[in-house]
Amino acid sequence: MRTVLLLALASAASAQVTDLSITWVGQSCFILKTDGGPTVVTDPPVASVGYTLPSVTADAVTITHNHTDHNNSAGVKGSFTLVDGRPITARQEMAAAGTTFVLIPGFHDNQNGTARGPNTIIVWKQAGLKIAHMGDFGQDQLTAAQLADLKDLDILFIPAGGFFTITPQRAAAYVQQLNPRVAILMHYKTALGGSAQVAGLPDAASSFSPLIYKPAAVTVNRVSLPLSTEVSVMQPASDAVAVSAATFAAGAPVAPGSIVSAFGTFTGSQTTGAAAYPLLRKLGDTEAFVDGKAVPLYYASPGQVNLQVPAGTAPGQSLLEVRVGGQSRGRGPLTVTPSAPGLFAVTNENGVVNSAAVPAHRGETLQIYGTGQGTVSPTPDDGAAAGSQPPSLASLPNVFLNGRQLVVAFSGLTPGLAGVWQINVTLPSDAPTGTALPLVVVNGFTSNTLPVSVVQ
């Protein structure tokens, strides 16, 4: 009987866990959809800001203050309830979308609103999670009254671009003070839009460590929340998505000189691959541009284009655009960090791909092939194959096999290929043995994991 009761309680608890999907449109606009429940849209912007508000039917729309990059409720569909912070001068509660929204008065600046006016913090619960949207918060300190409503937050949307709002440094201090389970940065400049005066990446996120990179849409629930505060930057929603060609990890950054896959609807693009090096900057009628500059292409098709990020691309967020016949077919952000390791494959000393059927032996050398190496010296021309004396990295990455660090003998570009990173490691005489041992490369970020088999 006791076992049956425990199973019933566990089943009931599981049934109460509700998913919440969060999509960042850009600026301070998020779309929050509860699985089987309401949809809330926050601070919808006008199109001139640079972000496209998707066709969405909302149950509630929140507005924190009366600026056009936050108050475009006319762009949202549905018979929604407007949770309007513009007239708020004292704390207020109102019902909408089956929950209670708490509107907390505050200021857009650190001069009691004399510079940029009022700003209302909005707090509500959705999918069992306590959420706070700070709007264009500009105060140097939270008041005691504000703090009282901002306790025990699960999700905090907080501006980090500075100039019009708090600085990234102040935002980091507030995150530490409020200690939410998840803090998501907003209102900073991206490749798609935002004011020229506000900070972009990496500056907007420079005060946060560690930092988690996320795609434009994520799903969370009460069970999946991290135990300690996690600070995230999301990519703004776009019609083209760029990822490492080695991992396809949505939202993860890429590195200068690396191989990237862009996914979207590239109508009119013909399926074709590069025939020789140096890589061309146009395959058929298809071109890809990073910050307005045509880049080398490996492959083109109606749904995927593989390209090389220019080696001189600075850390931050660049604009990627795919054109077919000179017409734009997709645009999206390309988040670039100094290195971003992604692994394709591991081969044994004889060049055969490592597997359970063809394992490596202790004492042999493994070749790891990936991309995301970052700057190498000397730097080859974009799209050019590395020569027989391949460029190498200034510092060696860390390679771990089943948690055991391996000695790196070489780290650089693969001869005869463009953008492919090769790492040679030696298996010691006491290397771990087994089937599908996890191998990762750490170089700023930790790579995806590849299975490696080793025998004596």
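Brief notes about the sheet that holds strand β2 (residues 29–34)
With mixed pairing, the 6 strands of this open sheet are ordered in space as β5-β4-β3-β2-β1-β13. Each edge of the open sheet is held by one strand with a lone partner, namely β5 (81–84) and β13 (217–220). If you compare each strand with its neighbour and ignore which way they point, the axes differ by 20 degrees on average.

Here we look at the nonpolar core
One finds Ile22 and Ile155 to be the most contacted residues of the largest nonpolar core, which totals 56 residues. Contacts of isoleucine 22, omitting those with residues within four sequence positions, involve Phe30, Ile31, Leu32, Ile155, Phe157, Ile184, Ala216, Ala217, Val218, Val220 and Met234. In this structure, Leu343, Ile423, Leu437 and Val454 belong to the second largest nonpolar core, which totals 24 residues.

Things to note about the environment of alanine 58
In this structure, alanine 58 sits in the loop between β3 (39–42) and β4 (60–63). The buried category is assigned to alanine 58, whose relative accessible area is 4%. Separated by 343 residues in sequence, alanine 58 and leucine 401 place their C-alpha atoms 49 Å apart. Every residue in contact with alanine 58, bar those within four places of it in the chain, is listed here: Thr39, Val41, Val76, Lys77, Gly78, Ser79 and Phe80.

A word on the pattern of salt bridges
For the structure shown, the criterion picks out 5 salt bridges. Aspartate 84 serves as the salt-bridge partner of arginine 86, at 2.8 Å between the closest nitrogen and oxygen. Aspartate 430 is the partner of arginine 404 in a salt bridge, and the nearest nitrogen-oxygen pair spans 2.9 Å. Here aspartate 430 lies in the loop between β29 (421–426) and β30 (434–443) and arginine 404 lies in strand β28 (residues 404–413), a separation of 26 residues in the sequence. When its relative accessible area of 45% is taken as the criterion, aspartate 430 is described as partly exposed.

A word on helix α3 (residues 168–178)
Three or more residues of α3 are buried, namely Pro168, Ala171, Ala172, Tyr174, Val175 and Leu178. The arc that holds the buried residues of α3, viewed along the axis, is 160 degrees, so those residues lie on one side. Of the surrounding elements, those touching the buried residues of α3 are α2 (144–149), β10 (155–159), β11 (182–186) and β14 (230–234). Immediately beyond the C-terminal end of α3, within one or two residues, lies asparagine 179, with a positive phi of roughly 55 degrees.

Regarding the confidence of the model for the protein chain
Scored by pLDDT, the protein chain has a mean of 94; 97% of the residues are at 70 or more. A low-confidence stretch, residues 5–14 stays under pLDDT 50, and its non-local contacts, those more than four residues away or across chains, total 1 contact.

Side note on the side chain of threonine 190
When you line up the elements, threonine 190 lands in the loop between β11 and β12 (212–214). Given the relative accessible area of 9%, threonine 190 is considered buried. Among the polar contacts listed, one links the side chain of threonine 190 to the side chain of tyrosine 51, at a separation of 2.8 Å. A distance of 3.2 Å separates a polar side-chain atom of threonine 190 from the backbone nitrogen of leucine 192. Apart from the residues within four sequence positions on either side, threonine 190 is in contact with Trp24, Tyr51, Pro236 and Gln317.

Quick notes on the side chain of asparagine 221
Take asparagine 221: it is sitting in the loop between β13 and β14. Of the polar contacts made by the side chain of asparagine 221, one reaches the backbone nitrogen of valine 223; its length is 2.9 Å. Excluding residues that lie within four positions of it along the chain, asparagine 221 makes contacts with Val17, Thr18, Asp19 and Leu129.

Some words on unusual backbone geometry
Peptide bonds are, in most cases, trans, and in most cases residues other than glycine have a negative phi. Across the junction of leucine 201 and proline 202, the peptide omega takes the value 10 degrees, indicating a cis bond. Mapped onto the secondary structure, proline 202 falls in the loop between β11 and β12. For the peptide bond that leads from tyrosine 277 to proline 278, omega is 0 degrees, which places it in the cis range. On the secondary structure map, proline 278 appears in the loop between β17 (272–273) and β18 (286–290). Of note, alanine 97 is a non-glycine position whose phi angle comes to about 50 degrees, a positive value. Taking the relative accessible area as the measure of exposure, alanine 97 reaches 24% and is therefore partly exposed. Phi at aspartate 291 takes a positive value of approximately 55 degrees, unusual for a residue other than glycine. Turning to its location among the elements, aspartate 291 is positioned in the loop between β18 and β19 (293–294).

Regarding the pairing of strand β6 (residues 92–96)
As judged from the 5 bridges shared by β6 and strand β7 (residues 99–107), these two strands associate in the antiparallel manner. Among the inter-strand pairings, glutamine 92 is bridged to a residue of β7, identified as leucine 103. Two successive antiparallel strands, β6 and β7, enclose a turn made up of 2 residues, where alanine 97 displays a positive phi of approximately 50 degrees.

Points about the packing of aromatic side chains
Applying the stated criterion across every chain yields a total of 8 aromatic pairs. Geometrically, the ring pair formed by phenylalanine 137 and tyrosine 174 is edge-to-face, given 5.6 Å between the ring centres and 70 degrees between the ring planes. Taken as a pair, phenylalanine 137 in the loop between β9 (129–133) and α2 and tyrosine 174 in helix α3 lie far apart in primary sequence, 37 residues in all. Accessibility classification places phenylalanine 137 together with tyrosine 174 in one group, the buried group. Here the aromatic residues Trp24, Phe30, Phe157 and Tyr188 are joined through ring pairs into a cluster of three or more. It is arginine 170 that lies over the ring of tyrosine 174; its NZ or CZ is 5.6 Å from the centre. Over the aromatic face of phenylalanine 289 sits the side chain of arginine 323, whose NZ or CZ is 3.9 Å from the ring centroid.

Thresholds applied
- Note that residues are indexed from 1 along each chain, following the sequence as it is written.
- Totals for whole chains, interfaces and linings use all residues, but because this is a predicted model, local features are given only for residues with pLDDT of at least 70 and pairs of side-chain atoms are given and counted only at 80 or more.
- The side-chain figures draw on all heavy atoms in the structure; neither hydrogens nor water molecules are used.
- A pair of strands is considered paired only if DSSP assigns at least 2 bridges between the two.
- We count a stretch as a helix when DSSP gives it H or I for four or more residues in a row; a strand needs E for two or more, and each element gets its number in order from the N terminus.
- Only the stretch in contact is used when fitting a helix axis, every axis being a line fitted to C-alpha atoms; angles between N-to-C directions are given from 0 to 180 degrees.
- Throughout this description, the term nonpolar core refers to a set of buried Ala, Val, Leu, Ile, Met, Phe, Trp, Tyr and Cys residues connected via side-chain atoms within 4.5 Å.
- Burial here depends on accessible area, computed with a 1.4 Å probe over protein chains only, as a share of the maximum for the residue type. Under 20% is buried, over 50% is exposed, and the range in between is partly exposed.
- The contact rule is simple, with two residues in contact once any of their heavy atoms fall within 4.5 Å.
- When a carboxyl oxygen of Asp or Glu lies within 4 Å of a side-chain nitrogen of Lys or Arg, that pair is called a salt bridge.
- Throughout, the arc means that of the directions going from the helix axis to the C-beta atoms.
- pLDDT expresses how confident the predictor is about each individual residue, on a scale running from 0 to 100.
- Here a polar contact is taken to be a pair of N or O atoms separated by no more than 3.5 Å, where protein atoms must pair a possible hydrogen donor with a possible acceptor and residues adjacent in sequence count only if both atoms sit in side chains.
- Note on aromatic pairs: the rings of Phe, Tyr and Trp (six-membered ring only in Trp) are paired at centre separations within 6.5 Å, and the planes decide the class, stacked below 30 degrees, edge-to-face beyond 60, tilted for the rest.
- A ring is scored as having a charge over it whenever the NZ atom of a lysine or the CZ atom of an arginine sits within 6 Å of its centre and within 35 degrees of its normal.

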